[in-house]
Amino acid sequence: MSTPPTSTPGPALCTEEEVARLVDDFYARVRQDEQLGPIFDARVHDWPTHLAQLTDFWSAVLRGTRRFRGAPVPKHMAIPGLSAELFLRWLDLFMQTTAECGNPAMRREANAAAQNIADNLWQRYQSNRDPFATPQPLRPVSLLPIVGT
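Residues numbered from 1 in each chain as written. Predicted model: local features only at pLDDT ≥ 70, side-chain atom pairs only at ≥ 80, totals over all residues. Heavy atoms only, no water.

Points about the packing of aromatic side chains
How we decide: Ring pairs shown here join Phe, Tyr and Trp side chains whose ring centres sit within 6.5 Å, with only the six-membered ring taken for Trp; geometry is labelled stacked below 30 degrees between planes, edge-to-face above 60, and tilted in between. Exposure is judged per residue with a 1.4 Å probe applied to protein chains only, and the accessible area is read against the type maximum: over 50% gives exposed, under 20% gives buried, and values in between give partly exposed. In DSSP terms, a helix is any run of H or I states spanning at least four residues, a strand is any run of E spanning at least two, and both are numbered starting from the N terminus.
This structure, assessed with the given rule, holds 12 aromatic pairs. Ring centres of F57 and W58 lie 5.4 Å apart, and the angle between their planes is 90°; on these two criteria the pair is classed as edge-to-face. Judged by its relative accessible area of 3%, W58 is buried. When the centroid spacing of 5.2 Å and the interplanar angle of 75° are considered together, the rings of F57 and F68 count as edge-to-face. Placement of the pair is F57 in helix α3 (residues 47–63) and F68 in the loop between α3 and α4 (72–77), with a sequence separation of 11 residues.

Right, here's the structure in full:
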């Protein structure tokens, strides 16, 4: 008999297969998106390797694994012309994907983490562009839809 998923990050929250499916399904959507697809396609030249690294990242976030090696913040800071709308689009696609994952606890944790990641990256992006300006949050977290909760 398997242990039911918990609602906190760790090995009991979800399986590696669920993480891989989330990453694969989400980035398939991103690549097809009119706004985000071109941004990613211009920078990612080896999708299988990139997806493996993203799976390691989300496994670290959701399952507490320690495989991820990378520096996502500087890579995002180097992309010109990002906007709050693009980060919100990323979040919308992410939440569409988690709504289909079939694991409500994983969905809640993944959505909360994605909101924090997007907001943090957006605020750091703004600070990087204008160190004297006050970074603005994407929008209050309570207004972001948490699909399926």
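That shown, we press on.
A look at the layout of surface pockets
Filter applied, for reference: Grid points spaced at 1 Å and placed over the protein atoms alone form the basis of the search, with a cavity being a set where a 1.4 Å probe fits but cannot get out and a pocket an open set showing protein on both sides within 12 Å along at least five of seven lines. Lining residues have an atom within 4 Å of a point. Grid points are joined across faces, edges and corners, and a volume is the space filled by probe spheres set on the points.
What the largest pocket holds in volume is close to 780 Å³. Of all the secondary structure elements, the ones that give two or more residues to the lining of the largest pocket are α2 (36–43), α3, α4, α5 (84–98) and α6 (104–129).

What to know about α2
What counts here: Here, the arc refers to the directions that run from the helix axis to the C-beta atoms.
All of the buried residues along α2 are L36, G37, I39 and F40. Along α2, the residues classed as buried sweep out an arc of 165° about the axis, all on the same side.

Thoughts on the pattern of salt bridges
Formally: Salt bridges are defined as contacts in which a side-chain nitrogen from Lys or Arg sits within 4 Å of a carboxyl oxygen from Asp or Glu.
All chains considered together, the criterion is met by six salt bridges. A salt bridge links D41 to R31; its shortest N-O distance comes to 3.7 Å. With D41 in helix α2 and R31 in helix α1 (residues 16–32), the pair connects residues that are 10 residues apart, well separated along the chain. Notably, a salt bridge pairs D56 with R67, separated by 2.7 Å at the nearest N-O pair. Taken together, the residues span a long stretch of sequence, with D56 in helix α3 and R67 in the loop between α3 and α4 at a distance of 11 residues.

Topic: the nonpolar core
The line we're drawing: Put simply, a nonpolar core is a bunch of buried Ala, Val, Leu, Ile, Met, Phe, Trp, Tyr and Cys residues held in one set by side-chain atoms that sit within 4.5 Å of each other. Should any heavy atoms of two residues lie within 4.5 Å, those residues are counted as being in contact.
Judged by nonpolar contacts, the single largest core of 40 residues is most densely connected at Y27, F40, W58, L62, W90, L91 and L138. Breaking this core down by element, the ones donating at least two residues are α1, α2, α3, α4, α5 and α6. Beyond its immediate sequence surroundings of up to four residues, L62 is in contact with P9, G10, L13, C14, V19, L22, M106, E109 and A110.

Description of α1
Side chains that are three or four residues apart share a direction in an α-helix, a result of its 3.6 residues per turn. We apply this condition: Working rule for helices: expected span equals 1.5 Å times residues minus one.
The terminal C-alpha atoms of α1, which comprises 17 residues, lie 24 Å apart, in line with the 24 Å expected from a rise of 1.5 Å per residue. Residues of α1 that are buried include every one of E18, V19, L22, V23, F26, Y27 and V30, and no others. Projection of α1 onto a plane perpendicular to its axis shows the buried side chains occupying an angular sector of 150°, all on one side. For α1, the exposed residues set more than 90 degrees away from the buried face come down to E17 and Q32.

As for the environment of W58
The topology assignment puts W58 in helix α3. Measuring from C-alpha to C-alpha, the distance between W58 and V19 comes to 6.6 Å, with 39 residues separating the pair along the chain. Once residues lying within four places of it in the same chain are set aside, the contact partners of W58 are V19, V23, R63, W90, F94, A110, A113, A114 and I117.

A closer look at the confidence of the model for the protein
We count it as follows: As a per-residue measure, pLDDT tells how confident the predictor is, with possible values from 0 to 100.
Across the protein, pLDDT averages 89, with 89% of residues at or above 70. Per-element mean pLDDT across the protein ranges from 92 in α4 up to 98 in α1. Note on residues 1–5: pLDDT under 50 across the span, and four contacts to partners over four residues away in sequence or across chains. Counted against residues more than four places away or in other chains, residues 140–144, with its pLDDT under 50, gives five contacts.

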